Amino acid sequence: MGFRCGIVGLPNVGKSTIFNALTAAGIDAANYPFCTIEPNVGIVPVPDKRLDVLAEMARTKSKISTQMEFVDIAGLVKGASQGEGLGNQFLGHIRQVDAIVHVIRCFEDENIVHVDGSVDPARDQEVVTMELIFADLDTVEKRLKKTQSQAKSGDKTLKAQALFLEKLRDVLDSGATARSLKPESDLEKELLRDLCLLTDKPVLYVANVAEEDVIAGNEHVRVLEKMAAKDGDGVVVIAGSIEQELSQLEADEQQEFLADMGMEEPGLNRLIHAGYELLGLITFFTVGEKETRAWTIARGTTAPGAAGKIHSDFERGFIRAETISYDDFVACGGENKAKEKGLMRSEGKEYVVADGDCMHFRFNV
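Caption draft 1: Inspection of the layout of surface pockets at higher detail. The computed volume of the second largest pocket comes to approximately 450 Å³. In terms of lining, the second largest pocket is formed by 18 residues, of which the most central are Arg-179, Leu-192, Asp-200, Lys-201 and Pro-202. Taken together, the residues of the lining of the second largest pocket break down into eight nonpolar, two polar and eight charged.

Next up, the structure:
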């Protein structure tokens, strides 16, 4: 499972400013050359104070954060689904991500021309969403035509697929997203997954505001929050200009700057955590003197699956997972005291890993 968030939006909404601040702030940021079609890619560490605490307690020599990948996809325009602005290539890049971070302009600035002449979050959100819907509609109609032809053979599975595709086509044709249609069977779930539809991906909105609105927001933000709430989507308020300036400061300077702005942490931290939550991810830790490390897994992963994140041999030869919750580890002052108090658990193959678990895997290959 790749943990990739694609950053989309209309031109001149501050999308690339936010992406550049993200990757500049990243310890292991990796940028690839950007041209008209190819997106920028940034690998960003997920901030987690628990990792710092564990590393300090273990007096570890090496501390490694878990990471997320952000992809800066060039600005979409109206008509992208018909190829406007090289839209087909951009839509293709969106297909390759796990979740969509949709940046919406919520600031006024006469020096930065809006592509449609005025700031209107509702309109901007609709333009991008409709382009994604149109692209999905094209995908579904092509698949439906092929499936209907094959279903003439009388195959029950193909007939069931055709019925679901018809239902999906009608939903998209009404202007609703694929996410609004909940599959009712394993066959429908598998088909929806196979289609890789743009509007089936989870969405997080980023309201890009002016510096003075970063704390309280503004009317544009409230309009966006109301729209997002209808679909159960989240909104993170960020001032791109602040984040860009923060990314160029040293750690101690950042804290002073944040205090002056009345902020507890960079907005980008909230964005990264929101993206993490959006993808249904959790973190477990391995703690030791040589290395303390955070690992990313999907919520619901069992102990052998978590072991496989470290090495395939760990999963293949899994015996048990010696597990201490983060709270118990810290409260006891480390592994030895937790073990003495009987707080280290021996978990088997059926154990579902909890967020914050500190784990040591026993295996035999």
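Caption draft 2: Structural context of the sheet that holds strand E7 (residues 234–238). In spatial order, the strands read E2-E4-E1-E5-E6-E7; together these six strands make up an open sheet with mixed pairing. Edge positions in the open sheet fall to strand E2 (40–45) and E7, since each of these has one partner strand only. On average, each strand axis in the sheet is inclined to that of its neighbour by 25°, with strand direction left out of account. Where strand E6 (residues 203–208) lies against E7, five bridges are found, and the strand directions are parallel. The residue bridging Tyr-205 from the neighbouring strand is Val-235, located in E7. Each of strand E1 (4–8), strand E5 (99–105) and E6 touches helix H4 (residues 121–151); the most contacted strand, E5, lies at about 145° to it.

Caption draft 3: Summary view of the environment of Glu-166. Along the polypeptide, Glu-166 turns up in helix H5 (residues 156–173). Glu-166 sits in the partly exposed class, given a relative accessible area of 26%. Sequence-wise, Glu-166 and Gln-148 are 18 residues apart; in three dimensions their C-alpha atoms are separated by 9.8 Å. For Glu-166, the residues in contact, after removing those within four places along its chain, are Leu-144 and Gln-148.

Cut-offs used in this document
- Here the residue index of a chain counts from 1 through its sequence in written order.
- This being a predicted model, a pLDDT of at least 70 is required before a residue's local features are given, and a value of 80 or more before pairs of side-chain atoms are given or counted; all residues contribute to the totals for chains, interfaces and linings.
- Neither water nor hydrogens contribute to the side-chain values; these are computed over all heavy atoms in the structure.
- Here a cavity denotes grid points, spaced 1 Å and computed from the protein atoms alone, that fit a 1.4 Å probe unable to get out, and a pocket denotes an open set having protein on both sides within 12 Å along at least 5 of 7 lines; residues with an atom within 4 Å of a point are the lining.
- Grid points are joined across faces, edges and corners, and a volume is the space filled by probe spheres set on the points.
- Under the scheme applied here, ten amino acids are nonpolar (Ala, Val, Leu, Ile, Met, Phe, Trp, Tyr, Cys and Pro), four are charged (Asp, Glu, Lys and Arg), and all others, including Gly, are polar.
- Strands are labelled as partners when DSSP assigns at least two bridges between them.
- The secondary structure listing takes helices from DSSP runs of H or I that are at least 4 residues long and strands from runs of E that are at least 2 residues long, numbered from the N terminus.
- Structural elements are reduced to axes, namely lines fitted to C-alpha atoms, with helices fitted over the stretch in contact, and the angle between N-to-C directions of any two is expressed from 0 to 180 degrees.
- The contact definition used throughout considers only heavy atoms, calling two residues in contact when any of these lie within 4.5 Å.
- Relative accessibility thresholds used throughout: buried, under 20% of the residue-type maximum; exposed, over 50%; partly exposed, between the two (1.4 Å probe, protein chains only).

Distances and angles like these do not, on their own, reveal function.
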